[in-house]
Amino acid sequence: MFGWKKKELTTPVVDIHSHLIPAIDDGVRTLDKSIEVVKAFSKIGFQKAITTPHIHPNYPNTHDQILEGLEVLQIKLLSERIDFEIEAAAEYFVDDIFMEKIKKKEEILSFGSNYVLVESSFINKPLFFETCLFELQSKGYSPVLAHPERYRFLEGDIEWLQQLKEMGVLFQVTISSFTGFYGKMPQKIAKTLYEKSMVDFLGSDLHNNDQIRFLREGLQNSMVHKLCASPGLRNKSLL
Ligand SMILES: [Fe+2]
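Here we look at the coordination of the iron ion
Donor atoms from the polypeptide that bind the iron ion are H17 (NE2), H19 (NE2), E91 (OE) and D205 (OD), placed at 2.0 to 2.4 Å. In this structure, the iron ion is surrounded by four donor atoms whose angles at the metal cover 79 to 168°, and the resulting shape is irregular. One chain supplies every donor for the iron ion, spaced along it as H-x1-H-x71-E-x113-D. Placement of the pair is E91 in strand β6 (residues 91-93) and D205 in the loop between β10 (201-203) and α7 (212-218), with a sequence separation of 114 residues. For E91, a relative accessible area of 0% corresponds to the buried category.

Thoughts on the pattern of salt bridges
Enumeration over the complete set of coordinates arrives at nine salt bridges. With a closest N to O distance of 3.7 Å, E85 and K48 form a salt bridge. With E85 in strand β5 (residues 85-88) and K48 in strand β2 (residues 48-51), the pair connects residues that are 37 residues apart, well separated along the chain. A salt bridge links E135 to K139, with the nearest nitrogen and oxygen atoms 3.2 Å apart. On the accessibility criterion, K139 (30% relative accessible area) is partly exposed. Within the structure, one salt-bridge network assembled from shared partners comprises D32, K76 and E80.

Focus: the sheet that holds strand β1 (residues 14-15)
In space, the three strands of this open sheet follow the order β1-β2-β5, with parallel pairing throughout. With one partner strand each, in any of the chains shown, β1 and β5 form the two edges of the open sheet. Note that β2 and β5 share four bridges and pair parallel. Across the sheet, residue A49 finds its bridge partner in β5, namely I86.

Rules of the game
- Residues numbered from 1 in each chain as written.
- Predicted model: local features only at pLDDT ≥ 70, side-chain atom pairs only at ≥ 80, totals over all residues.
- Heavy atoms only, no water.
- Donors = N, O, S within 2.8 Å, 3.2 Å for Na, K, Ca; no water.
- Tetrahedral: all angles 85-135°; square planar, octahedral: opposite > 155°, others 65-115°.
- Helix = DSSP H or I, 4+ residues; strand = E, 2+ residues; numbered from the N terminus.
- Buried < 20%, exposed > 50% of the residue type's maximum accessible area, 1.4 Å probe, protein only.
- Salt bridge = Lys/Arg side-chain N within 4 Å of Asp/Glu carboxyl O.
- Pairing = 2+ DSSP bridges.

Structure representation (structure tokens):
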């Protein structure tokens, strides 16, 4: 009534990248903290989160650890009468262990239409990344590259990303990259991917409660607003 209008938060409805199973990776440390994040997600306007603990040399989580952690979190949500849907998959670091897992046809934690979230080293371009993703595709999975805008070895050059796109790899850009939370270069690449219609999913990549305010800022960004309204963004299909 005083001409002041609270900035509107638009969300992609379903978040597909976060670290909310307590104390199994570099994400949320306790169950209470997980609950705080879930409450914040709900308040912001998300309806569901597919949380994705690392499976990485530093965090060699098993599927059982992830799914048991998910169950504990779901039970706690029920006991606190918090109506929020949460599922789990994983963020797989592409290395020889992951490659072996695929070759041996071991179970891979996927979500939606056989989507599998994968990441690479930030520093060095992985040697057999494409081979591994191709192997994954040949088993019927659809690889989703986590935060393509944040790989420092790209040095701003998106040619490698364009090649991955051509082979059918999907991209999950992190919401707060659009506002520069991760620095100028990721912000620039996020904008380029947006302009070239190369964003398939948005994700929070939330690791702790402190990042909530940066997520909120990201959700006020005009490119994020447009992506959330775009039929090309796949998040909502996961409801
Ligand atoms: Fe992550």
